[in-house]
Amino acid sequence: MNITIRLDDVTPGMDRGKFIQFKKLLDNAGVKPLIGVVPDNRDSMLNIDSDEAAFWDEVNDLKSEGWTVAMHGLHHVYSTKSGGLFPLNHLSEFAGRPYEEQASDIAEGRRILEEVHGISTDIFMAPAHSYDRNTLRALRQNKFSRITDGFGTDPYEYEGMTFYPISENRNSCLDKLSGWTTFVIHLNTMTDGEFKWYEELFAKSSTPASGSRGGHTAIRSYSDYLMQPAAPRGFSGHVREYLLASAKRCIVARRAASIDKVRDSNI
Ligand SMILES: [Zn+2]
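The numbers attached to residues start from 1 for each chain and follow its sequence in the written order. The predicted origin of the model limits local features to residues at a pLDDT of at least 70 and limits the giving and counting of side-chain atom pairs to 80 or more, whereas totals for whole chains, interfaces and linings rest on all residues. Values shown for side chains rest on all heavy atoms present in the structure; no hydrogens or waters enter the calculation.

Things to note about the confidence of the model for the protein
For the protein, the mean per-residue pLDDT works out to 90, and 92% of the residues sit at or above 70. As a per-residue quantity, pLDDT reports the predictor's confidence and falls between 0 and 100. Residue contacts are counted whenever heavy atoms from the two residues lie within 4.5 Å of one another. Confidence over residues 208-214 falls short of pLDDT 50; this stretch has 9 contacts with residues more than four positions distant or in other chains. Scored below 50 in pLDDT, residues 262-267 makes 0 contacts in the model with residues more than four places away or belonging to other chains.

Description of the coordination of the zinc ion
Geometrically, a metal with four donors at the corners of a regular tetrahedron has ideal angles of 109.5 degrees, and one with six donors at the corners of a regular octahedron has ideal angles of 90 or 180 degrees. A donor here means any N, O or S atom no more than 2.8 Å from the metal (3.2 Å for Na, K and Ca); water is not included, so a site may seem to lack partners. Distances from the zinc ion to its protein donors, namely Asp-9 (OD), His-72 (NE2) and His-76 (NE2), fall within the range 2.0 to 2.1 Å. For the zinc ion, the single-chain donor residues occur in sequence as D-x62-H-x3-H. Taken as a pair, Asp-9 in strand S1 (residues 2-10) and His-76 in the loop between strand S3 (68-71) and helix H3 (99-116) lie far apart in primary sequence, 67 residues in all. The same class applies to Asp-9 and to His-76, which are both buried. Helix and strand assignments follow DSSP, with helices taken as H or I runs no shorter than four residues and strands as E runs no shorter than two, numbered in order from the N terminus. Think of it in three bands: with a 1.4 Å probe and only protein chains considered, a residue is buried below 20% of the maximum accessible area for its type, exposed above 50%, and partly exposed in between.

As for a nonpolar patch on the surface
On the surface, Phe-235, Val-239, Tyr-242 and Leu-243 cluster together into a nonpolar patch covering about 410 Å² of accessible area. By relative accessible area, Tyr-242 is classed as partly exposed at 36%. Residues form patches when they are more than 30% accessible in relative terms and have no salt bridge. Like charges link within 9 Å. Nonpolar side chains (Val, Leu, Ile, Met, Phe, Trp, Tyr) link within 5 Å. For the area figures, the Shrake-Rupley method with a 1.4 Å probe applies, and any residue is considered shielded solely by the protein chains shown. Salt bridge, as used here, is a side-chain nitrogen of Lys or Arg placed within 4 Å of a carboxyl oxygen of Asp or Glu.

Describing the pairing of S3
Going residue by residue along S3, you find Thr-68 and Ala-70 tucked away on one face and Val-69 and Met-71 tucked away on the opposite face as well. At least two DSSP bridges between two strands are needed for those strands to be called paired. Note that strand S2 (residues 34-37) and S3 share 4 bridges and pair parallel. Bridge pairing in S3 links Leu-34 to Thr-68. The definition of a right-handed crossover adopted here requires that, viewed with the strands pointing away, the path from the first strand over the helix to the second runs clockwise. Crossover connection from S2 via helix H2 (residues 55-65) to parallel S3: handedness right-handed.

What about the pattern of salt bridges?
Applying the stated criterion to the full structure yields 15 salt bridges. For Arg-6, the salt bridge is made with Asp-8, and the minimal N-O distance between the two is 2.8 Å. Neither Arg-6 nor Asp-8 differs from the other in exposure class; each is buried. Asp-27 is paired through a salt bridge with Lys-23; the nearest N and O atoms lie 2.8 Å apart. Here Asp-27 pairs with Lys-23, and both are found in helix H1 (residues 16-29), just 4 residues apart, close to one helical turn. Among the residues examined, Asp-27 registers a relative accessible area of 36% and is labelled partly exposed. What emerges from the salt-bridge pattern is a single network uniting Lys-23, Asp-27 and Glu-65.

Thoughts on H1
Given a helix with a known number of residues, its expected span is that number minus one, times 1.5 Å. A rise of 1.5 Å per residue sets the reference length of H1, with its 14 residues, at 20 Å; its end C-alpha atoms lie 20 Å apart and thus fit the reference within 8%. Among the residues of H1, Arg-16, Phe-19, Phe-22, Lys-23, Leu-25 and Leu-26 are the ones counted as buried. For H1, the secondary structure elements touched by its buried residues are S1, H2, strand S8 (180-185) and helix H6 (192-205). Where H1 ends, the next residue or the one after it, Gly-30, has phi of about 70°, a positive value.

This is the structure we're talking about:
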């Protein structure tokens, strides 16, 4: 399978040490990822390091190197408990809000990126993966045409937007022989074990003749994913995706609850 990499929560206050460490892995593998840049971050959880004056120049430099930039919301602050059309989480910056508010925030994000920082993009990355029909309409209205989200093995067209699916499960993706997906990475909370897992994945993918797990896996730049043709997705495809996202949310919530239970029993 062709695997692309997406780095969420790229802000002036991100954990720069982890960002630099992961960039080295990507550079060694010759892979250019998608980065989700928050135009005006107001989420204190994303402020690990102090604001870096050079941040926006660095984003422009990465773009010149071939990295792809997506707009990751406007403030990255959740104001509703709606899961929207892709309910991996029940919280959102956009889903569940009136169309006019969503359109205004998306226009403001685009304006900040373009007019203040000189960064243009037509790709949207929804905080918490949550968006609804009004979000899609507001995105179209503001000349966004692509979204990094959804489940599937190839890009698809839905409601006038092109979706570039993310992985449902990392390990099952490694067993698939064909298709495209994206591994979603939050560097601020990435553990040493996960760094090692990616280091090994990149090493395996550079030796495709190994025949073992990962032998038919290719780590590709995000710009290659954007070149793939998109097929229309109908109502039944959307329902299947909705149910898969709901099921995944339940599994993650149950796992978190059982960890809490173990913690409680240890008190
Ligand atoms: Zn985020």
